[in-house]
Amino acid sequence: MKKQQKNCTLPVWAVCSGYEALTPHLNILDEPNATYAQNQVIATAEVKRPIWEFDYNGTTIHATPEHYEGKLKIVKDKQYKIYVNPENPQEIYCDENDNAGFLLRMGKFWLIFCTIVFALTGGVIILLMRTLD
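Residues numbered from 1 in each chain as written. Predicted model: local features only at pLDDT ≥ 70, side-chain atom pairs only at ≥ 80, totals over all residues. Heavy atoms only, no water.

Structural notes on the overall build of the protein
Then, number 1: A tally of regular secondary structure across the protein gives two helices and seven strands.
Then, number 2: In sequence order, the secondary structure elements of the protein are arranged as α-β-β-β-β-β-β-β-α.
Then, number 3: Relative to its 133 residues, the protein shows a buried fraction of 21%.
Then, number 4: Here the contacts in the protein between residues at least 6 apart in sequence split such that 63% fall between residues at least 24 apart.
Then, number 5: With an accessible surface of roughly 10200 Å², the protein has 58% of that area assigned to carbon and sulfur atoms. (Helix = DSSP H or I, 4+ residues; strand = E, 2+ residues; numbered from the N terminus. Buried < 20%, exposed > 50% of the residue type's maximum accessible area, 1.4 Å probe, protein only. Contact = heavy atoms within 4.5 Å. Areas by Shrake-Rupley, 256 points an atom, 1.4 Å probe, with all protein chains shown as cover.)

If you want it as structure tokens, here you go:
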């Protein structure tokens, strides 16, 4: 568990009030014998970090997560559960694997469904083969 997750223990409901654009630079060429200039920034990708607005002890707080990978699609003006550090409400954590439970349930469903279908199909084929003999 990351340090930020350990500190952020208080669940609060927050609204995404906007985005802060980050532009991390990706070093694509990083080989010792490259023909182009080494370690030059030749590509960029934009990540939009959410700005959260929530009430904490009667005060409206605007905060952005220190680390955000962009895995969870955050919709502006929609409410999400985030976790706040009670000692420092500017330190927040947003669970980016919000749909993991849903994906796990779907995976179990399809595993059971395919097992039943293949078992029934195999049984029908065996019965057909016995009747043809």
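Some points on the environment of Asn 7
Then, number 1: Along the polypeptide, Asn 7 turns up in helix α1 (residues 3-7).
Then, number 2: Using a relative accessible area of 27% as the deciding quantity, one classes Asn 7 as partly exposed.
Then, number 3: Through-space distance from the C-alpha of Asn 7 to that of Tyr 83 is 8.9 Å; in sequence the pair is 76 residues apart.
Then, number 4: When residues no more than four places from it in sequence are discounted, the contact partners of Asn 7 are Val 84, Asn 85, Pro 86 and Glu 91.
Then, number 5: Within polar-contact distance, the side chain of Asn 7 engages the side chain of Glu 91 at 3.2 Å. (Polar contact = N/O pair within 3.5 Å; in protein donor to acceptor, adjacent residues only side chain to side chain.)

Observations regarding unusual backbone geometry
Then, number 1: One non-glycine residue, Asn 57, lies in the positive phi region at around 55°.
Then, number 2: With respect to the helices, strands and loops of the structure, Asn 57 is situated in the loop between β4 (47-56) and β5 (59-63).
Then, number 3: Accessibility expressed as a relative area gives 68% for Asn 57, which makes it exposed.

Considerations on the side chain of Asn 85
Then, number 1: Note that Asn 85 resides in strand β6 (residues 79-85).
Then, number 2: Of the polar contacts made by the side chain of Asn 85, one reaches the backbone nitrogen of Glu 87; its length is 3.0 Å.
Then, number 3: Within the local environment of Asn 85, its side chain forms a polar contact with the side chain of Glu 91, the two groups lying 2.9 Å apart.
Then, number 4: What Asn 85 contacts, discounting residues up to four positions off in sequence, is Asn 7, Cys 8 and Glu 91.

As for the packing of aromatic side chains
Then, number 1: What the rule picks out here adds up to five aromatic pairs.
Then, number 2: A ring pair is formed by Trp 52 and Tyr 80, whose centres lie 5.5 Å apart and whose planes are at 70°; its orientation type is edge-to-face. In this pair, Trp 52 is assigned in strand β4 and Tyr 80 in strand β6, connecting sequence segments 28 residues apart.
Then, number 3: Taking relative accessible area as the criterion, Trp 52 reaches 0% and is therefore assigned buried.
Then, number 4: For the ring pair Phe 109 and Trp 110, a centre distance of 5.1 Å and an interplane angle of 75° mean the geometry is edge-to-face.
Then, number 5: When its relative accessible area of 45% is taken as the criterion, Phe 109 is described as partly exposed. (Phe/Tyr/Trp six-rings, centres within 6.5 Å; stacked < 30°, edge-to-face > 60°.)

By themselves, these figures tell us nothing about what the structure is for.
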